[in-house]
Amino acid sequence: MKTHLGKYPGTRLKGSERYSKLYHFTKFETFKKIWETKSLKFGSIPELNDINEAFKTISIDVIDFPLAKEDYVDLFNKAYRTIYQYKQISLTKDYDSYIKGCMSPMMWGHYGEKGNGVCIELDFSKIHFPGDVIFGEVKYKKLSKLFKLDPILFHKPCLMEKHIESKIKKIFFTKTADWKGENEFRIISNNHNYLDISSAISMIYIAKLNQTNSFEVENIVDGKVPVEIIRFVDQQNGDRIPIFSDSKTIRDQLNGVFKR
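The notes below deal with the structure included here. Note that this is a predicted model, so its numbers are computed, not measured. As a convention, each chain's residues are numbered from 1 in the sequence order in which they are written. Restriction of local features to residues with pLDDT of at least 70 applies here, the model being predicted, together with a cutoff of 80 or more for giving and counting side-chain atom pairs; totals for whole chains, interfaces and linings are based on all residues. With hydrogens and water excluded, all non-hydrogen atoms of the structure serve as input to the side-chain values.

## What to know about the layout of surface pockets
One number sums up the size of the largest pocket: a volume of about 920 Å³. As for the largest pocket, its lining consists of 34 residues, and the residues nearest its centre are His24, Phe25, Lys41, Gln88 and Tyr111. Looking at the lining of the largest pocket, the elements with two or more residues in it are strand E1 (21-26), helix H1 (28-37), strand E2 (39-41), strand E3 (43-44), strand E5 (87-92), helix H4 (105-111) and strand E11 (184-189). Amino acids outside the nonpolar list (Ala, Val, Leu, Ile, Met, Phe, Trp, Tyr, Cys, Pro) and the charged list (Asp, Glu, Lys, Arg) are all regarded as polar, and Gly is one of them. Broken down by class, the residue content of the lining of the largest pocket amounts to eleven nonpolar, twelve polar and eleven charged. Only protein atoms enter the 1 Å grid used here, on which a cavity is any set of points holding a 1.4 Å probe that cannot leave and a pocket is any open set flanked by protein within 12 Å on both sides along at least five of seven lines; residues with an atom within 4 Å of a point are listed as lining. Grid points are joined across faces, edges and corners, and a volume is the space filled by probe spheres set on the points. What the second largest pocket holds in volume is close to 360 Å³. Taken together, the residues of the lining of the second largest pocket sort by class into five nonpolar, five polar and seven charged. Numbering of helices and strands starts at the N terminus; helices are DSSP runs of H or I of at least 4 residues and strands are runs of E of at least 2.

Here you go:
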């Protein structure tokens, strides 16, 4: 029986090692749709749970020529429309060589239906990225910064889209340190609604066996990829470390104990 991946207590990952495996936490009902379609849906920016992201703050430096109020309003509206054309998919990276992204109690609590949902492991090298999507690691800063428009846009508003594109990393791949624990890898697009993951799913994780979802997950997956449960075991030094075990094996063992 496989009990863990990597060496405890883990070592820092470098470069592309940080996102060679990516994880998507979701509710059980949503998992069924994802498995059926083998795709992830891009979500709307205003629906993000980070208010700094959902409500972008845009400013512009004071300029030395007078403009009518409606000119300012038009420019800012155009900027917001351009930004909110983008949609995003958020995934979790591995924390180190032992603590995998699927092991995060916080992520299970926030996005995995309080442990009753599912975590989907993806092989980054097998994700089908369309040529026009943008993806990368989210960077975390102490404070959120304003997004400033270039005053030249007042004269050439047709350049707005290119201006936004040149600031993509700052707009979409920077968050405040409050969210650092999410260890996020992000994919954004202003053209696609779904991302093809048909070849990339490498493992399914569950966190609980004491409900029907675990049995249903196994039936849905039907042996196409392993289904594993994350459990915690106590060490002599007082640490509780997460381990992986085959969900059906553990369930059969527990059923055998309870039938005696």
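## Brief notes about the packing of aromatic side chains
Think of it this way: a Phe, Tyr or Trp ring, Trp meaning its six-membered ring, pairs with another when their centres are within 6.5 Å, and the plane angle makes it stacked under 30 degrees, edge-to-face over 60, tilted otherwise. Counted under the stated rule, the structure contains 13 aromatic pairs. Summarising the aromatic geometry, the rings of Phe124 and Phe185 are spaced 5.8 Å apart at their centres and angled 75 degrees between planes, so their arrangement reads as edge-to-face. Remark: Phe185 occurs in strand E11 and Phe124 occurs in the loop between strand E6 (118-123) and strand E7 (134-137); sequence separation between them is 61 residues. Residue Phe124 shares its accessibility class with Phe185, and that shared class is buried. Measuring from ring centre to ring centre gives 4.1 Å for Phe129 and Phe135, while their planes differ by 25 degrees; the resulting arrangement is stacked. Partly exposed residues are those whose accessible area sits between 20% and 50% of the maximum for their type, while under 20% is buried and over 50% is exposed, using a 1.4 Å probe and protein chains only.

## What to know about the nonpolar core
Working definition of a nonpolar core: buried Ala, Val, Leu, Ile, Met, Phe, Trp, Tyr and Cys residues. They are joined through side-chain atoms within 4.5 Å. In terms of nonpolar packing, the biggest core is built from 32 residues, with Phe31, Leu122, Ile187, Ile204 and Val217 touching the most fellow members. Elements with a minimum of two residues in this core: H1, E5, E6, E11, strand E13 (201-206), helix H7 (213-221) and strand E14 (227-234). Per-element tally for this core: the top contributor is H1, with four residues. In contact with Leu122, other than residues within four places in its own chain, are Ser20, Lys21, Leu22, Leu40, Leu91, Ile127, Ile197, Ala200, Ile201 and Ser202. Two residues qualify as a contact provided that any one of their heavy atoms is within 4.5 Å of a heavy atom in the partner residue.

## Observations concerning H7
Listing the buried residues of H7 in full gives Asn213, Ser214, Val217, Glu218 and Val221. Projection of H7 onto a plane perpendicular to its axis shows the buried side chains occupying an angular sector of 140 degrees, all on one side. Once H7 ends, the next one or two residues include Asp222, with phi positive near 55 degrees. The directions considered for the arc run from the helix axis to the C-beta atoms.

## Focus on a positive patch on the surface
A contiguous patch of positive charge, built from Lys139, Lys141, Lys145, Lys167, Lys169 and Lys170, is present on the exposed surface. The set of elements that each furnish at least two residues to the positive patch consists of strand E8 (139-141) and helix H6 (168-172). The exposure class of Lys145 is exposed, given its relative accessible area of 71%. The patches reported here contain residues having more than 30% relative accessible area and no salt bridge. Joining distances are 9 Å for like charges and 5 Å for nonpolar side chains (Val, Leu, Ile, Met, Phe, Trp, Tyr). Each accessible area is a Shrake-Rupley result for a 1.4 Å probe, and residues are judged covered by the shown protein chains and nothing else. Between Lys or Arg on one side and Asp or Glu on the other, a salt bridge is scored when a side-chain nitrogen of the former is within 4 Å of a carboxyl oxygen of the latter. For the charge count, each Lys or Arg is scored as positive and each Asp or Glu as negative, with His and the chain ends excluded. Lys charges are placed at NZ, Arg charges at CZ, Asp charges at CG and Glu charges at CD.

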